[in-house]
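Each chain is listed here by its residues.
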Amino acid sequence: MTRKDDMNDSIKPMIEIRDVIKKFGTFTALHGITADIREGEFFSLLGPSGCGKTTLLRAIAGFEPPTSGTVAIAGKDMAGIPANRRPTNMVFQSYAIFPHLNVEENVGYGLKTRKMPKAEIAREVAEVLSLVDMKNYGKRKAHELSGGQRQRVALARALVMRPKVILLDEPLSALDKKLRDQMQMELRSLQRSIGITFILVTHDQEEALIMSDRIAVMFDGQIEQLDTPEGLYRHPVNKRVASFIGVMNFLPARVTALSDTHLTLGIAALGEAQVPRDRLGKDVNPDKIDTIGVRPEMLTVLFDQDERSQNKVKGEVVDTEYYGDMTYYEVRLPGHDKPLTISMRNTAGRSVVAPGSTVSVGWGIESIVVFGE
Amino acid sequence: MKWISVKWLTVYAVVYMIFLYAPVILLPLFAFNTSTIIAFPLSGFTTEWFVGLWYTDTLHTALGNSMIVGVTTALVSTLLGAFAARASARFAFPGKTGIVGLIMLPLVLPEIIVAVALLVMLNQLGMPLSLWTVVGGHVLICTPFSIAILSSAYRGLDRELEEASFDLGESRWGTFRRVTLPLVLPGVISSLLITFTISLDEFIIAFFLTGTDVTLPVYIWSQLRFPAKLPSVMALGTILLAVSVLLLILAEALRRRSAARQGVDTTLAGV
């Protein structure tokens, strides 16, 4: 992890986005976006619909020129350069397979604009179609293809152009769950093997976590946090990011004592805890701390009285959700109305505790994320 | 229970079709009849009325006029229809619904009203009546048909297709030529055929707005005053009927092919 980060830092960014603002009439879609996207990286723009992630992607593609700010690709400022002369290619949400052309003609479409000789086009097309596992479908028309096949054709049509960057606008949202899981894996391993920079727009946090090297979480036209999947999950910068990525239990908390190295928190339902100061995020001001967050898997339902944990609290099981490998418990602790979600792996010796039972909940100080404006 | 209602529905449908098309069948029937009197029983088979048409110069002039009006109308209204259809399918602008509604209004406005209004206006403007004033009137009533046909063609055209072409390095003109045009072409041809047919058959506006140059329907109407000419009118009507039906079938076939290309349901009526 660390080694890879160091390696990437020495590489010049493939895309440099500086203070990009985009306005549509009176509506501001992007409020000054600044970010670097590294060469060869799988980068995701993640956020709820209307957060500006697609607008940012289209600004990189050249479809929505920024109102102000710059986008540079491979060191070259893209201002005034339209989409058809940028070293980027897009996989559209609808795939946009030309319905009057067959698969080969679709994939060769862009090469034809480059006035490439026919034989060479045929060779390139055949090569990329076998890369996406579609070589036997060259003569099919768009309406004779399944959703997953269309997705592959759209990807092949972009790949064959050998762009510096491939832009993917929610490419998996039209597929059913099973196919989506499979395509996520394929897309990820394909990107790794060819090493082209991918930028993926998605509203699905799980998809972003699985596929990306780094993720920019966007809300209301701004990047709230740009980090690795693990960084986002373990150290969300604020409550909004924390609740968007995975599940997070929030509890009111306040600072009761401060020392040079530690601060003492009074946490609702859990009690007192000493947190090392260096565990706080850069932006967290100790005076403004009002909430802590803890992930479901960081809490433990203690099945055995002898099980050891740093801290224990007694609570009542309100509800359970059984997923086979996992059970999700809703446990209400005295002093806090909203039950906490706790996930437990189902092991051989344990049976699910019935709602209404009293259990001990174990928690550790290292699993707590502190929030404050 | 169910088969009774099905049976009655069939009877109803058959009676309806007879009522609708029996008068039309009379046209070719009398066109091939030897007698000049339009009455049963038929007196014998002849093609002399059709041959006679060949030697009627005034008819040829009227046919020529109708061709000029029909072709011009088809071209102009399809062009205008293409602009309007693209605008209404692609862009949102204030008052869009109202504007589109106003453009489509001549579709339901009685033609006689349109014709009289245009005549009054042309008189006020001091414009002499000619074939071009007829073209103007015909464009007015044909453009809504063009818009209806081309709107469905443009709506079936996903905006992302044009963007994809542009993204793949093609120019705007190249995108139009390689993606947009092939996908809407059947709709364009269908619009040309339908507007031409409407113009060719249209009588009221042509009657009011034509000067000394009459179109075919106006010519036919003028011939109806002479009983002896009736069989040749029947013959002419038969030819017009055949041509119209042929053009409309062609137009619909093209529209369906276009819809099928874009993977749209083909059973939807075009206009």
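One numbering rule holds for all chains: residues counted from 1, following each sequence as written. Starting at A for chains and at 1 for ligands, labels are handed out in the order in which the entities are written. Reporting in this predicted model follows two pLDDT cut-offs: at least 70 for local features of residues, and 80 or more for side-chain atom pairs to be given and counted; totals over whole chains, interfaces and linings ignore these cut-offs and use all residues.

Caption draft 1: Region of the structure containing the confidence of the model for chain B. All names here are of chain B. What pLDDT conveys is the predictor's confidence in a given residue, as a value from 0 to 100. The pLDDT averaged across chain B works out to 84; a share of 93% of its residues lies at or above 70. Whether two residues are in contact is decided by their C-beta atoms, placed from the backbone, lying within 7 Å. Within the model, pLDDT remains below 50 along residues 264-271, and this stretch shows 12 contacts once partners closer than five positions in the same chain are excluded. The complex model carries a pTM of 0.78, and its ipTM stands at 0.82.

Caption draft 2: Broad picture of the interface of chain B and chain A. Between chain B and chain A, the residue contacts involve 18 residues of the former and 19 residues of the latter. Mapped by element, the contributors of at least two residues to the side of chain B that touches chain A are helix 7 (159-167) and helix 8 (172-201) of chain B. Working definition: helices are DSSP H or I runs of at least four residues, strands are E runs of at least two. Numbering for both runs from the N terminus. The element best represented in the side of chain B that touches chain A is helix 7 of chain B, accounting for 6 residues. Split by residue class, the side of chain B that touches chain A holds 7 nonpolar, 5 polar and 6 charged. Just so you know the grouping, Ala, Val, Leu, Ile, Met, Phe, Trp, Tyr, Cys and Pro go in nonpolar, Asp, Glu, Lys and Arg go in charged, and all remaining residues, Gly too, go in polar.

Caption draft 3: Local environment of the sheet that holds strand 19 (residues 358-363) of chain A. Residue and element names in this part refer to chain A. With respect to topology, 5 strands assemble into an open sheet ordered 15-19-16-17-18, the strand pairing being antiparallel. Only two strands of the sheet have a single neighbouring strand rather than two, namely strand 15 (300-302) and strand 18 (340-345). Within this sheet the neighbouring strands show an average axis-to-axis angle of 50 degrees, counted without direction. As defined by bridge partners, strand 15 adjoins strand 19 across 3 bridges and the pair is classed as antiparallel. Across the sheet, Val301 pairs through a bridge with Val361, a residue of strand 19. Strands are labelled as partners when DSSP assigns at least two bridges between them. Lines are fitted to the C-alpha atoms to define the axes, a helix being fitted only along its stretch in contact, and any angle between axes, read from their N-to-C directions, falls within 0 to 180 degrees.

Caption draft 4: Just the pairing of strand 11 (residues 249-258) of chain A, in detail. All names here are of chain A. By the bridge criterion, 4 bridges tie strand 11 to strand 14 (residues 289-294) in an arrangement that is antiparallel. Each bridged residue has a counterpart across the sheet, and for Phe250 the counterpart in strand 14 is Gly293. Pairing of strand 11 with strand 12 (residues 262-267), which is carried by 5 bridges, proceeds in the antiparallel orientation. By the bridge assignment for strand 12, Ala257 is matched with Thr264.

Caption draft 5: Molecular detail of the domain arrangement of chain A. One can read the domain layout of chain A as domain 1 (2-239), domain 2 (250-292) and domain 3 (296-367). Source of the domain bounds: an automatic or database domain assignment. Placing a centre on the C-alpha atoms of domain 1 of chain A and another on those of domain 3 of chain A gives a separation of 41 Å.

Caption draft 6: Summary view of the nonpolar core. Each nonpolar core consists of buried Ala, Val, Leu, Ile, Met, Phe, Trp, Tyr and Cys residues. Their C-beta atoms, within 7 Å, join them into a set. Three exposure classes are used, all based on how many other C-beta atoms lie within 10 Å of a residue's own C-beta (placed from the backbone): buried at 20 or more, exposed at 12 or fewer, and partly exposed between those limits. Core analysis: the biggest nonpolar cluster contains 150 residues, and Ile60, Ala154, Ala156, Leu167, Ile199 and Ile292 of chain A have the highest contact counts within it. A per-element tally of this core places helix 6 (residues 131-155) of chain B first, with 13 residues. Excluding anything up to four places from it in sequence, Ile292 of chain A contacts Leu251, Ala253, Leu265, Ile267, Ile368, Val369, Val370 and Phe371 of chain A.

Caption draft 7: Main features of the packing of helix 3 (residues 57-90) of chain B against helix 8 of chain B. Residue and element names in this part refer to chain B. Contact geometry for helix 3 and helix 8: axes closest at 8 Å, N-to-C directions at 135 degrees. Put simply, helix 3 runs oblique to helix 8. You can see that helix 3 and helix 8 cross each other, and the crossing is right-handed. Between helix 3 and helix 8, the contacting residues are Ser66, Val69, Gly70, Val71, Thr73, Ala74, Ser77, Thr78, Gly81 and Ala82 on the first element and Val188, Ser191, Leu192, Thr195, Phe196, Ser199 and Leu200 on the second. Roughly parallel means an angle under 35 degrees; roughly antiparallel means over 145; roughly perpendicular covers 65 to 115; every other angle is labelled oblique. When the near helix sits turned anticlockwise from the far one by under a right angle, the crossing is termed left-handed; a clockwise turn instead gives a right-handed crossing.

Caption draft 8: Molecular detail of unusual backbone geometry. Residues and elements named next belong to chain A. One non-glycine residue, Ala74, lies in the positive phi region at around 50 degrees. On the secondary structure map, Ala74 appears in the loop between strand 4 (68-73) and strand 5 (76-77). For Lys115, which is not a glycine, the phi torsion comes out positive at approximately 60 degrees. Tracing the chain through its elements places Lys115 in the loop between helix 3 (103-113) and helix 4 (118-131). Taking the C-beta count within 10 Å as the criterion, Lys115 has 6 such neighbours and is therefore assigned exposed.

Caption draft 9: Just the packing of helix 6 of chain B against helix 8 of chain B, in detail. All names here are of chain B. At a minimum axis separation of 9 Å, helix 6 and helix 8 run at an interaxial angle of 155 degrees. The orientation of helix 6 relative to helix 8 falls into the category roughly antiparallel. The interaxial crossing formed by helix 6 with helix 8 has right-handed handedness. Across the interface between the two elements, His138, Cys142, Phe145, Ser146, Ile149, Leu150, Ala153 and Tyr154 of helix 6 pack against Val184, Gly187, Ser190, Ser191, Ile194, Thr195, Ile198 and Ser199 of helix 8. Residues of the contact of helix 6 with helix 8, tallied by class, amount to 9 nonpolar, 7 polar and no charged.

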